Amino acid sequence: PQTGALISIAMTGSVPRDGFITRSGSRPGDWIAVTGRLGGSFESGRHLTFHPRLPEGRWLAALPPHLRPTAMMDISDGLSQDLPRLADASGVPGFDIDFEQVPVNEDSDLRSALGEGEDYELLFTVSSGAREELANRWKDAFPDTRLTFIGKMEEENERSILEGGWEHFRSGN
């Protein structure tokens, strides 16, 4: 007989109705943004020592409505998995990523940045009119945390080709 341990943790909480952002509000034409840098989390051990972007998320949620993200989530399963999830939840058929803009950690590469996961950076979308003002405010609020716009949500049913990422319930991840 096999022996082992099972640990299950659950948390509950509450958030004011106007103090949270779901992953289902993005629209075609919205800019796609990420915080920090992506990739290399397993090799470097960052997946064990990450700092969740809680202050940044709270700050984004408290912005005036015209600047607030339209959708937001963290990148835990890799950009290749999480961006399509955000698009699907929002009912947006496509997105276009400028792969040269994806912020890659110095000890990593684009493939890892797209598909490895465990980065715990924020992935969010903002209306096209909010991009510049949000970026300027971000620099003042979080001068040590990078914010990068990597693409746009699209009306067309085409999506940038993204490979990798953690797929729950798939063997051999």
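This text goes with the structure placed above it.
For the structure given in this document, a descriptive report is provided here. Since the structure is predicted, the reported quantities are computational estimates derived from the model, not experimental observations.

Next up on the list: the nonpolar core. Ile32, Leu79, Leu83, Leu123 and Met153 are the most contacted members of the largest nonpolar core, which has 19 residues in total. At the level of elements, strand E1 (31-35), strand E2 (71-75), helix H4 (79-90), strand E3 (94-97), helix H5 (110-115) and strand E5 (147-154) are the ones that each hand at least two residues to this core. Per-element accounting of this core gives the leading share, four residues, to H4. Within the second largest apolar cluster, 17 residues are counted, among which are Phe124, Val126, Ala130 and Phe149.

Turning our eyes to something else, we now look at the side chain of Thr125. In this fold, Thr125 is placed in strand E4 (residues 121-126). On the basis of relative accessibility, which here comes to 0%, the residue Thr125 falls in the buried class. At 2.6 Å, the side chain of Thr125 forms a polar contact with the side chain of Thr70. If we ignore the near neighbours within four places in the chain, the residues touching Thr125 are Ser26, Asp30, Trp31, Ile32, Pro69, Thr70, Ala71, Leu86 and Met153.

A few words now on the pattern of salt bridges. Throughout the structure, instances matching the rule amount to six salt bridges. Note that Arg53 is salt-bridged to Glu121, the shortest N-O span being 2.7 Å. In this pair, Arg53 is assigned in the loop between helix H2 (46-49) and helix H3 (54-61) and Glu121 in strand E4, connecting sequence segments 68 residues apart. With a closest N to O distance of 2.7 Å, Asp77 and Arg85 form a salt bridge. Residue Asp77 is classed as buried on the basis of its relative accessible area, which comes to 8%. Given the relative accessible area of 26%, Arg85 is considered partly exposed. One network of salt bridges, in which partners are shared, links Arg53, Glu56 and Glu121.

In regular strands, side chains alternate between the two faces of the sheet. Of all six residues in E4, six are buried, a share of seventy percent or more. Here E4 shows a buried face lined by Glu121, Leu123 and Thr125 and a second buried face lined by Leu122, Phe124 and Val126. In the sheet, E1 pairs with E4 via four bridges, with the strands oriented antiparallel. For Ile32, the partnering residue across the bridge sits in E4 and is Thr125. Here five bridges tie E2 to E4, and the two strands are oriented antiparallel to one another. Each residue of the ladder has a partner; that of Ile75, found in E4, is Glu121.

Okay, unusual backbone geometry next. In most cases, non-glycine residues show a negative phi, while peptide bonds are predominantly trans. Of note in this structure, Glu118 is not a glycine but carries a positive phi near 60 degrees. You can see Glu118 is positioned in the loop between H5 and E4. Residue classification places Glu118 among the partly exposed residues on the basis of a relative accessible area of 22%. Unusually for a residue other than glycine, Tyr120 sits at a positive phi of about 55 degrees. Note that Tyr120 resides in the loop between H5 and E4.

Moving on to the side chain of Thr70. Within the secondary structure, Thr70 sits in the loop between H3 and E2. Within polar-contact distance, the side chain of Thr70 engages the side chain of Asp30 at 2.6 Å. Not counting the four nearest positions on each side in its chain, Thr70 is found in contact with Ile21, Thr22, Gly25, Ser26, Arg27, Asp30, Thr125, Val126 and Ser127.

Cut-off values and rules
- The residue numbering used here restarts from 1 in each chain and proceeds along that chain's sequence as written.
- Residues qualify for local features only when their pLDDT is at least 70, as the model is predicted, and side-chain atom pairs are given and counted only at 80 or more; totals for whole chains, interfaces and linings, by contrast, use all residues.
- Think of the side-chain values as coming from all heavy atoms in the structure, minus any hydrogens and water.
- The criterion is simple. A nonpolar core is a set of buried Ala, Val, Leu, Ile, Met, Phe, Trp, Tyr and Cys residues joined through side-chain atoms within 4.5 Å.
- With a 1.4 Å probe rolled over the protein chains alone, any residue whose accessible area is under 20% of its type maximum counts as buried; one over 50% counts as exposed, and the rest are partly exposed.
- By the criteria applied, helices consist of DSSP H or I runs no shorter than four residues and strands consist of E runs no shorter than two, each listed in order from the N terminus.
- Distance and chemistry together define a polar contact, namely a pair of N or O atoms within 3.5 Å, with one atom able to donate a hydrogen and the other to accept it when in protein, and with adjacent residues in sequence counting only for side-chain atoms on both sides.
- Here, residues are in contact when the closest pair of their heavy atoms is within 4.5 Å.
- Definition used for salt bridges: Asp or Glu carboxyl oxygen within 4 Å of a side-chain nitrogen of Lys or Arg.
- By definition, two strands form a pair when at least two bridges between them are found by DSSP.

Worth remembering: the numbers are spatial, not functional.
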